[in-house]
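Here is what each chain is made of, one letter per residue.
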Amino acid sequence: MRQADWIVLIATLAAIVIYGVWKGRRQRRLEQYLLADRQMQWYTVALSVMATQASAITFLSTPGQAYTDGMRFVQFYLGLPIAMVILSVTAVPIYHRLKVFTAYEYLETRFDNRARTFTAIIFLVQRGLGTAMTLFAPALIVSLVLGWNIHLTTLAIGVLVIIYTTSGGTKAVSWTQTHQLLIALSGMAIAMTVAIRSLPANIGFTEAVKVAGHMGRMNVIDFNFDLSTPYNFWSGLFGGLMVALAYFGTDQSQVQRYLTGETITQSRLGLLFNGLVKVPMQFFILFVGAMVFVFYQFVAPPLTFNPVQSEKVRTSAHAAEYQALEATHASTFTAKREAALQLVTAIDSGDAASIAQKKSALQTLQKRDDETRKTALALIKKNDARADAADTDYVFLTFVMQNLPTGLVGVLLAAIFCAAMSATASGLNSLASTSVVDIWKRLIRKDLDDHTYVIVSKWMTVFWGAFCIVFALYANQLGSLIVAVNRVGSLFYGTMLAIFLVAFYAKHVGATAVFYGALIAEATVLLCWLFTDMAWLWWNVVGCVVGVGAAMVIQAALPRTATQQ
Amino acid sequence: MTNETPPPILKTWPRLYAAVLLALAAEIVLFTILTRSFH
């Protein structure tokens, strides 16, 4: 990395931290500190909601996903706009009218303290681990590709976030997020422009899209119903709807963003804007990956994208085997480049038969290269059993580091760091809020003055920040547990959603029924995880349906006196 | 400003909700056309 890149990166991060501290100065009341005095306008709510969901992994991994698998991941977001409408009608007015600080506070009003504490603890566990992962995952990728020390990278991102989140609370988080999201999206636009402008002279935007399409990278929609496929239209619409309802309606890291809205109108507009923009935004991020794929049809990509693992295998007993694969990859690339140029010529001529012939030739070469890559990745795994066999997370950053000009590399790294910081900040901010409002203030010390609770909230932010840093520092050694942690949200979201749906719509169901219904739902989801090959998006549907159904049945079976509970 | 003010565009909330859902439907149609155009 050149000096100019360092200057851009450090200046951007310093500006964000200083801006956050300045924006959030002089906060003495709990409502000020945790909810920005409920004074935010819709655009801040909207950008803050979007930035909370778009972590660095969104910007690092999603393009890599399009590179290897096409754009079907966008289907995961199809349920989101529907969820935004449902939440605008139901949750937003209820939370606003009750003037709650957290989503779980509402459950005590509706059921009892047991339901509130149960959901608050589930949230603290899953969001605590989730926030640690939002810190760890980008630090791992950036440190491997750039050769930085992973511990220092994790520590740097974590400490910067703790500084302005602790100092400025929700106001600092929301305002910095608006800038962070814009920086991150600008970075993606720059990367896409560079990828397209670096193509051979006769290939413009239209040709690039057509090459991507003919190579299966524009496969956005898949209407085949298959429970074991993670991304198709149906899992995206129904599973995605459940995930979005649970995430935006019951996860404090999101609820807290729209509770800052000045009125119901401002909060609703923020959510609806997210519903309008989210799917196109994800399409755009995946599209960047598809353009990187087209770029690598004309510029030789490395055989595998994880530089540390590639280097390890090159100096191992498998070196000769790996070098042979690299030679095959190089010769396939030369043939592939020629075939891609011929496909572009055929596309320009408009001759359907010629296009079909050239497309088939290019696809055959691509399959051969995919096989070579697969063998190389298997060799990496054979060489180091703990190595990550998938290298898609490293594709985009490798492209950035090897092909962007000086200065713009700094902008892209700043964009990735901004995304990591914004998602982590929301996580810490919501963890502190729930710890103080639902646990400390409710169960430990009810009699402190407002300013003391602000101080406790600040210490809770520091505590959760330290927890996430420590967990992230040791995450490398947790191996396959990381996969489980990544899915931990879907293990609990269905049950959480069931509790809230019963609270909103089944007014006759009481606290006892919903509590045991939730336990049954959670047990069912865990059984699905452990004993079936059901795709994880469906766990949310199972948890929700079983939770609501079980609560209804238990309520009907309870003696009449118990319905009062 | 009260909590029940109408949205700044389209005059009523149901219309705004419908606009969000229509935009989603349009996106699905466009994505389907894009996917099928290369099959």
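On a predicted model such as this, the values are computed, not experimentally measured, just so you know.

S.K.: It is not clear to me how the overall build of chain A should be interpreted in this structure. Could you clarify?
M.R.: Along its length, chain A carries 23 helices and zero strands. When its C-alpha atoms are laid out on the principal axes, chain A stretches across 75 × 55 × 50 Å. Within chain A, contacts between residues at least 6 apart in sequence are counted, and of these 86% link residues at least 24 apart.

S.K.: What is the right way to read the nonpolar core from this model?
M.R.: A general feature of soluble globular proteins is that nonpolar side chains tend to end up buried together. Residue and element names in this part refer to chain A. In this structure, Val292 and Ile416 are the most contacted members of the largest nonpolar core, which totals 189 residues. With 18 residues, helix H18 (residues 408-444) is the single largest residue contributor to this core. For Ile416, the residues in contact, after removing those within four places along its chain, are Ala56, Phe59, Leu60, Pro138 and Val142. Counting residues in each nonpolar core, the second largest holds seven residues, with Leu303, Val313, Leu325 and Ala376 among its members.

S.K.: Before we go on, may I ask you to explain the interface of chain B and chain A in this structure?
M.R.: In this complex, chain B contributes 19 residues to the contact, which on the side of chain A involves 21 residues. Across the side of chain B that touches chain A, the residue classes break down as twelve nonpolar, five polar and two charged.

S.K.: Teacher, can you tell me more about the packing of helix H11 (residues 233-250) of chain A against helix H21 (residues 488-505) of chain A here?
M.R.: Relative placement of two packed helices is described by the angle separating their axes and the distance separating the axes. Residue and element names in this part refer to chain A. Packing of H11 against H21 leaves a shortest axis separation of 9 Å and a crossing angle of 70 degrees. By the criterion of interaxial angle, the relationship of H11 to H21 is roughly perpendicular. Together, Met242, Val243, Leu245, Ala246, Tyr247, Gly249 and Thr250 of H11 and Ser490, Tyr493, Gly494, Met496, Leu497 and Phe500 of H21 make up the contact between the two elements. For the contact of H11 with H21, the per-class residue count stands at nine nonpolar, four polar and no charged.

S.K.: It is not clear to me how helix H6 (residues 91-98) of chain A should be interpreted in this structure. Could you clarify?
M.R.: An α-helical turn contains 3.6 residues, so a residue and the one three or four places further along point in the same direction. All names here are of chain A. Of all the residues in H6, the buried ones are Ala91, Val92, Tyr95 and His96. For H6, the buried positions fall inside an angular range of 120 degrees around the axis, keeping them on one side. Facing away from the buried side of H6 by more than 90 degrees, the exposed set consists of Arg97 and Leu98. The first or second residue beyond H6 is Lys99, which carries a positive phi of 55 degrees.

S.K.: In this structure, what is going on with the environment of A:Ala518? I would like to understand it.
M.R.: All names here are of chain A. As for its placement among the helices and strands, Ala518 is situated in helix H22 (residues 511-531). A C-alpha to C-alpha distance of 8.3 Å links Ala518 and Gly543, two positions 25 residues apart in sequence. Dropping the residues within four chain positions of it, Ala518 is found in contact with Phe118, Thr495, Ala498, Ile499 and Gly547.

S.K.: What should I look at first to understand unusual backbone geometry in this one?
M.R.: Among all residues save glycine, negative phi is the norm, and among peptide bonds the norm is trans. Even without being glycine, A:Asp37 reaches a positive phi, approximately 60 degrees. Here A:Asp37 lies in the loop between helix H2 (30-35) and helix H3 (42-53). Within the chain, B:Leu10 stands out as a residue other than glycine whose phi angle is a positive 65 degrees. Tracing the backbone through its elements, the reader meets B:Leu10 in the segment before helix H1 (13-36). When the 13 C-beta atoms within 10 Å are taken as the criterion, B:Leu10 is described as partly exposed.

S.K.: Help me understand the confidence of the model for chain B in this model?
M.R.: Low pLDDT marks stretches whose predicted atomic positions should not be read closely. When pLDDT is averaged along chain B, the result is 89; 90% of the residues meet or exceed 70. Among the prediction metrics, the complex's ipTM stands at 0.93, with pTM recorded as 0.89.

S.K.: Even after reading the chapter, I still don't get the packing of helix H14 (residues 307-314) of chain A against helix H16 (residues 352-383) of chain A, so can you show me in this structure?
M.R.: Residue and element names in this part refer to chain A. Two elements in contact, H14 and H16, have axes separated by 10 Å at closest approach and are oriented at 75 degrees. By the angle between their directions, the pair H14 and H16 is classed as roughly perpendicular. For the pair H14 and H16, contact is made by Gln309, Lys312 and Val313 and by Leu379, Ile380 and Asn383, respectively. Of the residues assigned to the contact of H14 with H16, the class counts are three nonpolar, two polar and one charged.

Cut-offs used in this document
- Residues numbered from 1 in each chain as written.
- Chains lettered and ligands numbered in written order.
- Predicted model: local features only at pLDDT ≥ 70, side-chain atom pairs only at ≥ 80, totals over all residues.
- Helix = DSSP H or I, 4+ residues; strand = E, 2+ residues; numbered from the N terminus.
- Contact = placed C-beta atoms within 7 Å.
- Core = buried A, V, L, I, M, F, W, Y, C linked by C-beta atoms within 7 Å.
- Buried ≥ 20, exposed ≤ 12 C-beta atoms within 10 Å, placed from the backbone.
- Nonpolar A, V, L, I, M, F, W, Y, C, P; charged D, E, K, R; others polar.
- Axes fitted to C-alpha atoms, helices over the stretch in contact; angles between N-to-C directions.
- Parallel < 35°, antiparallel > 145°, perpendicular 65-115°, else oblique.
- Arc of directions from axis to C-beta.
- pLDDT = per-residue confidence, 0-100.

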